[in-house]
Amino acid sequence: MVRGEQKELFELIKTIAASQGLKGFWKGNFVNILRTAPFKAIHFYAYDTYRSQLMKLTGNEETTNFERFVAGAASGITATLLCIPMDTIRTKMVAPGGEALGGVIGTFHHMIQTEGFFSLYKGLVPSILSMAPSGAVFYGVYDILKSAYLHSPEGRKRIQKMKQEVQELNAFEQLELGPIRTLIYGAIAGACAEAATYPFEVVRRQLQMQVKETRLSALATCVKIVEQGGVPALYAGLIPSLLQVQFRSLILLLLKGFLVLEVMITWWMSACVDH
């Protein structure tokens with residue numbers, strides 16, 4: 001997929017399993033964690049910061065959809081600028097021949113020595129261009145689903161119940177949509193955003209794989225991909241990517257369940273000790 005080859009999902013799974021074994025499915029995962037953890041932290045922190053500043057500028061007491069969109073796009077761009085070098089290194093490592101570069105440090109040194117420091121920022125333009133529409137689709141879909149539920153009879157009933165029992169509800173139960181519906185709607189919105197901006201991801205990966213001597217612009221790379229594989233080539237790997245979004249939401253849901261269970265057990269044990 002990284003090289004632009006188009007293979008069926010099951011064929012690709014068989015190829016990875018046969019050539020690299022089970023560990024091949026986690027190839028580059030350590031670098032991905034090193035990238036994802038700071039990316040998410042910066043994204044969330046920047047989002048709250050930008051949102052707060054926008055509310056101060058506009059004088060609004062609550063965040064509007066437009067302010068959410070601007071804050072989401074700005075925070076995504078900020079996180080991308082700071083974290084894209086790790087993503088470029090990961091792409092190099094998982095590509096054919098990446099094992100010979102010697103891990104994260106070896107790949108970093110190789111890129112600096114052969115292509116210069118700014119080679120770490122290959123694919124930056126399509127990454128930034130994808131942030132605004134990604135934020136628009138995500139927050140747009142999420143707000144549509146949320147609004148539809150809150151205006152339904154069930155949603156109105158839940159809001160009324162929350163107002164009456166606010167002191168008795170835990171942090172998860174105080175979510176307007178409830179924890180499960182929040183995660184489901186978030187997964188749907190994430191999948192829509194992923195599908196809408198995936199061509200930018202494909203172009204970015206191709207840019208990161210190019211060497212200095214044959215480097216193309218983002219537009220030229222996009223044209224080349226379409227010429228070689230047609231428009232469907234811009235969506236190569238979309239299904240695994242969407243599955244990843246859904247599995248991530250499921251894992252979050254399971255972790256949330258374990259966390260609630262742990263809190264309940266801790267509370268029960270404390271109550272027993274007190275009595």
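Worth saying up front: this structure is predicted, and the values here are computed from it rather than measured. (Residues numbered from 1 in each chain as written. Predicted model: local features only at pLDDT ≥ 70, side-chain atom pairs only at ≥ 80, totals over all residues. Heavy atoms only, no water.)

Novice: Quick rundown of a nonpolar patch on the surface? Include the residues and the values.
Specialist: There is a patch of nonpolar side chains on the surface, built from Val125, Leu129 and Phe200 and spanning about 260 Å² of accessible area. Examined against the element boundaries, phenylalanine 200 turns out to sit in helix α7 (residues 179–209). Of the residues examined, phenylalanine 200 reaches a relative accessible area of 30% and is grouped as partly exposed. (Patch = residues over 30% accessible without salt bridge, like charges linked within 9 Å, V, L, I, M, F, W, Y side chains within 5 Å. Areas by Shrake-Rupley, 256 points an atom, 1.4 Å probe, with all protein chains shown as cover. Salt bridge = Lys/Arg side-chain N within 4 Å of Asp/Glu carboxyl O. Helix = DSSP H or I, 4+ residues; strand = E, 2+ residues; numbered from the N terminus. Buried < 20%, exposed > 50% of the residue type's maximum accessible area, 1.4 Å probe, protein only.)

Novice: Give a detailed account of the packing of aromatic side chains, specifying residues and quantitative values.
Specialist: Under the criterion given, the structure shown has 2 aromatic pairs. An angle of 80 degrees between the planes, with centres 5.6 Å apart, marks the rings of phenylalanine 117 and phenylalanine 118 as edge-to-face. Overall, phenylalanine 117 belongs to the partly exposed group, its relative accessible area being 45%. Ring geometry for phenylalanine 117 and tyrosine 121: centres 6.0 Å apart, planes at 55 degrees, overall tilted. Taken together, Phe117, Phe118 and Tyr121 form an aromatic cluster joined through their ring pairs. (Phe/Tyr/Trp six-rings, centres within 6.5 Å; stacked < 30°, edge-to-face > 60°.)

Novice: Go over the pattern of salt bridges with me, naming the residues and quoting the values.
Specialist: Opposite charge on two side chains permits them to pair, given that their charged atoms come into close proximity. Enumeration over the complete set of coordinates arrives at 9 salt bridges. Aspartate 48 serves as the salt-bridge partner of arginine 51, at 3.4 Å between the closest nitrogen and oxygen. Taken together, the residues span about one helical turn, with arginine 51 and aspartate 48 both in helix α2 (residues 29–58) at a distance of 3 residues. For arginine 51, a relative accessible area of 23% puts it in the partly exposed group. Classification of aspartate 48 by relative accessible area gives partly exposed; the value is 39%.

Novice: Give a description of the nonpolar core that names residues and reports values.
Specialist: Counting 8 residues, the largest nonpolar core is built from Tyr198, Val202, Val203, Leu207, Ile225, Ala233, Leu234 and Leu238. For this core, the element with the highest residue contribution is α7, accounting for 4 residues. The contacts of valine 203, once residues within four sequence positions are left out, are Pro126, Ala218, Thr221, Cys222, Ile225 and Leu234. (Core = buried A, V, L, I, M, F, W, Y, C linked by side-chain atoms within 4.5 Å. Contact = heavy atoms within 4.5 Å.)

Novice: Outline the packing of helix α3 (residues 65–94) against helix α5 (residues 124–150), supporting the account with residue identities and numerical values.
Specialist: The interhelical angle for the contact between α3 and α5, taken along N-to-C directions, is 145 degrees, at an axis separation of 9 Å. Relative to α5, α3 is oriented so that their crossing is right-handed. Across the interface between the two elements, Asn65, Arg68, Phe69, Gly72, Ala73, Gly76, Ile77, Thr80, Leu81 and Ile84 from α3 touch Leu124, Ser127, Ile128, Met131, Ala132, Gly135, Ala136, Tyr139 and Asp143 from α5. Looking at side-chain class alone, the contact of α3 with α5 contains 11 nonpolar, 6 polar and 2 charged residues. (Axes fitted to C-alpha atoms, helices over the stretch in contact; angles between N-to-C directions. Left-handed = near helix turned anticlockwise from the far one by under 90°. Nonpolar A, V, L, I, M, F, W, Y, C, P; charged D, E, K, R; others polar.)

Novice: So what's going on with α5? Which residues, and what values?
Specialist: For α5, spanning 27 residues, the distance from its first C-alpha to its last is 38 Å, which sits close to the expected 39 Å at 1.5 Å a residue. In α5, a bend of some 25 degrees at methionine 131 exceeds every other bend along the element, and proline 133, a proline, comes one to four places later. Within α5, burial applies to Leu124, Pro126, Ser127, Ser130, Met131, Gly135, Tyr139, Tyr142, Asp143, Lys146, Tyr149 and Leu150. (Expected span 1.5 Å × (residues − 1). Bend = angle between axes of the 7 residues up to and from the residue.)

Novice: Could you give an account of the side chain of arginine 205, with specific residues and numbers?
Specialist: Relative to the elements of secondary structure, arginine 205 occurs in helix α7. For arginine 205, the contacting residues outside a window of four places in its chain are Asp87, Arg90 and Thr91.

Novice: Help me get a handle on the environment of alanine 189, residues and values and all.
Specialist: Tracing the backbone through its elements, the reader meets alanine 189 in helix α7. Given the relative accessible area of 0%, alanine 189 is considered buried. A sequence separation of 50 residues divides alanine 189 from tyrosine 139, and the C-alpha atoms of the two residues are 7.3 Å apart. The contact partners of alanine 189, leaving out residues within four places of it in the chain, are Phe138, Val141 and Tyr142.

Novice: Could you give me a rundown of the confidence of the model for the chain, with the residues and numbers involved?
Specialist: Confidence in the prediction of the chain, expressed as mean pLDDT, is 75, and 77% of residues score 70 or more. Least confident of the elements in the chain is helix α9 (residues 238–274), whose mean pLDDT is 57; most confident is helix α8 (residues 218–229), at 88. Throughout residues 169–174 the model reports pLDDT below 50, and contacts reaching past four residues in sequence, or to other chains, amount to 11 contacts. (pLDDT = per-residue confidence, 0-100.)

Novice: Mind laying out the packing of α7 against α8, listing which residues take part and the relevant values?
Specialist: Where α7 meets α8, the closest approach of the two axes is 10 Å, and the angle between their N-to-C directions is 105 degrees. On the basis of the axis angle, α7 is roughly perpendicular to α8. On the side of α7, the interface is formed by Val202, Val203, Gln206 and Leu207, while α8 contributes Ala218, Thr221, Cys222 and Ile225. Across the contact of α7 with α8, the residue classes tally to 6 nonpolar, 2 polar and no charged. (Parallel < 35°, antiparallel > 145°, perpendicular 65-115°, else oblique.)

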